[in-house]
Amino acid sequence: MRRTALITGLVLLFVLWTVLPLADRASFTVHMIAHMGVVAGAAPLIAIGLSGTRFDLLSNLPRLTPLTASLIELFAVWIWHIPVLRTLSETSPPVAVLEQLIFLGAGLALWLSCLGGAATGREQRRLAGTFGLLFTSMHMTLLGALLALSPRPLYGDGEVSCLGVTLSAAVDQQAGGVVMLLVGAAVYLAGGVALLARTLNAPLPDR
């Protein structure tokens, strides 16, 4: 299962970073699909494949808790949606690469910390991971709602092509916000509930 998850996550990451950007780089919706695909698609799959192995770089970092990792991802996600940085990412390939690497790093840090890391204290970290993922779900939902409900476009003011469909800047932003709203709420909430269920169903230690 771990190997399958790892391979699937790497393939998804390859598609998101090579095929999707060729579609419409100026579209905020395309950007959001790539963003959520990395942090809520590829990152958890890769984390499942790496968690508990010798490639799990967070297993020896007990201070990087799920809540800390969630705050790191909050900072990474919100700062890269500042309009100035969004414009830089659209117009500069090196900045776009940096942005995506930060998204991947923040996503892996969160999911690896939530999945447990080292065997010692794994169940306790998974319980903390429940709160970390639920907190992430909330701040992703909040940002998605703000983008979708914004009375004016924050990223440009002309028309853009989104997967072959011409959209105004306002509609493109609203669609991107809905993508974040739905995916962020669903994936992180499902992850938090799954971790909680796994913790509650774990056998009690012998006394």
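The structure this text deals with has already been given above.
Residues numbered from 1 in each chain as written. Predicted model: local features only at pLDDT ≥ 70, side-chain atom pairs only at ≥ 80, totals over all residues. Heavy atoms only, no water.

Chemist: Teacher, can you tell me more about the packing of helix H1 (residues 2–18) against helix H2 (residues 28–50) here?
Modeler: Packed helices, taken two at a time, are described by their axes: the angle between them and the distance between them. Interhelical geometry of H1 versus H2 gives an angle of 155 degrees and a closest axis separation of 7 Å. Looking at the two axes, H1 sits roughly antiparallel to H2. As H1 runs across H2, the sense of the crossing is left-handed. Contacts between H1 and H2 involve Arg2, Ala5, Leu6, Thr8, Gly9, Leu10, Leu12, Leu13, Leu16 and Trp17 from the first element and Ile33, Ala34, Gly37, Val38, Gly41, Ala42, Leu45, Ile46, Ile48, Gly49 and Leu50 from the second. The residue makeup of the contact of H1 with H2, split by class, is 15 nonpolar, 5 polar and 1 charged. (Axes fitted to C-alpha atoms, helices over the stretch in contact; angles between N-to-C directions. Helix = DSSP H or I, 4+ residues; strand = E, 2+ residues; numbered from the N terminus. Parallel < 35°, antiparallel > 145°, perpendicular 65-115°, else oblique. Left-handed = near helix turned anticlockwise from the far one by under 90°. Contact = heavy atoms within 4.5 Å. Nonpolar A, V, L, I, M, F, W, Y, C, P; charged D, E, K, R; others polar.)

Chemist: What exactly am I supposed to notice about the pattern of salt bridges here?
Modeler: When charged atoms on two side chains of opposite charge get close, those side chains can pair. With the rule as written, the count across this model stands at 2 salt bridges. Note that Arg86 is salt-bridged to Glu90, the shortest N-O span being 3.8 Å. Residue Arg86 and its partner Glu90 are both found in helix H4 (residues 83–91); the two are separated by 4 residues, about one turn of the helix. Since its relative accessible area comes to 23%, Glu90 is described here as partly exposed. Note that Glu99 and Arg86 form a salt bridge whose closest N and O atoms lie 2.7 Å from each other. Here Glu99, found in helix H5 (residues 93–115), pairs with Arg86, found in helix H4; they are 13 residues apart in sequence, far enough to count as distant. Given a relative accessible area of 4%, Arg86 falls into the buried group. (Salt bridge = Lys/Arg side-chain N within 4 Å of Asp/Glu carboxyl O. Buried < 20%, exposed > 50% of the residue type's maximum accessible area, 1.4 Å probe, protein only.)

Chemist: What am I meant to see in the nonpolar core here?
Modeler: For soluble globular proteins, nonpolar side chains are generally found buried alongside one another. Core analysis: the largest hydrophobic core is formed by 40 residues, its most contacted members being Met36, Val38, Val39, Leu133, Met140, Met180 and Tyr188. If you list the elements that add at least two residues to this core, you get H1, H2, helix H3 (66–79), H5, helix H6 (122–149) and helix H7 (169–200). Per-element accounting of this core gives the leading share, 13 residues, to H2. Excluding anything up to four places from it in sequence, Tyr188 contacts Val39, Ala40, Glu73, Leu110, Trp111, Leu133, Thr136, Ser137, Met140 and Val183. (Core = buried A, V, L, I, M, F, W, Y, C linked by side-chain atoms within 4.5 Å.)

Chemist: Explain the environment of Leu110 to me, please; I cannot follow it from the model alone.
Modeler: Among the structural elements, Leu110 can be located in helix H5. For the pair formed by Leu110 and Gln174, sequence separation is 64 residues and the distance between their alpha carbons is 27 Å. When residues no more than four places from it in sequence are discounted, the contact partners of Leu110 are Pro66, Ala69, Ser70, Glu73, Leu133, Thr136 and Tyr188.

Chemist: How do you make sense of the packing of aromatic side chains when you look at a structure like this?
Modeler: The relative placement of two aromatic rings is captured by the distance of their centres and the angle of their planes. Per the stated rule, a full pass over the model turns up 2 aromatic pairs. For the pair Phe28 and Tyr155, a centre-to-centre distance of 4.7 Å together with 15 degrees between the ring planes defines the contact as stacked. Here the residue Phe28 occupies a position in helix H2, and Tyr155 occupies one in the loop between H6 and strand S1 (159–162), the gap between them amounting to 127 residues. This pair shows no difference in class: Phe28 is buried, exactly as Tyr155 is. Look at Trp111 and Tyr188: their rings are 5.5 Å apart centre to centre, the planes differ by 20 degrees, and that puts the pair in the stacked class. Remark: Tyr188 occurs in helix H7 and Trp111 occurs in helix H5; sequence separation between them is 77 residues. (Phe/Tyr/Trp six-rings, centres within 6.5 Å; stacked < 30°, edge-to-face > 60°.)

Chemist: I'm lost on the side chain of Ser150 in this one. Help?
Modeler: Topologically, Ser150 is positioned in the loop between H6 and S1. A residue is classified by how much of its surface remains accessible, and Ser150, at 14% relative accessible area, is buried. Among the polar contacts listed, one links the side chain of Ser150 to the backbone oxygen of Arg152, at a separation of 2.7 Å. In contact with Ser150, not counting residues within four places along its chain, are Gln173 and Gln174. (Polar contact = N/O pair within 3.5 Å; in protein donor to acceptor, adjacent residues only side chain to side chain.)

Chemist: I tried to follow the packing of H5 against H7 on my own but got confused; where do I start?
Modeler: Two elements in contact, H5 and H7, have axes whose closest approach is 11 Å; the angle formed by their N-to-C orientations is 15 degrees. The angle between H5 and H7 falls in the class roughly parallel. Considering how the two elements wind past one another, H5 and H7 form a crossing that is left-handed. Across the interface between the two elements, Leu110, Trp111, Cys114 and Leu115 of H5 pack against Val187, Tyr188, Gly191 and Leu195 of H7. When the residues that make up the contact of H5 with H7 are grouped by side-chain class, the tally is 7 nonpolar, 1 polar and no charged.

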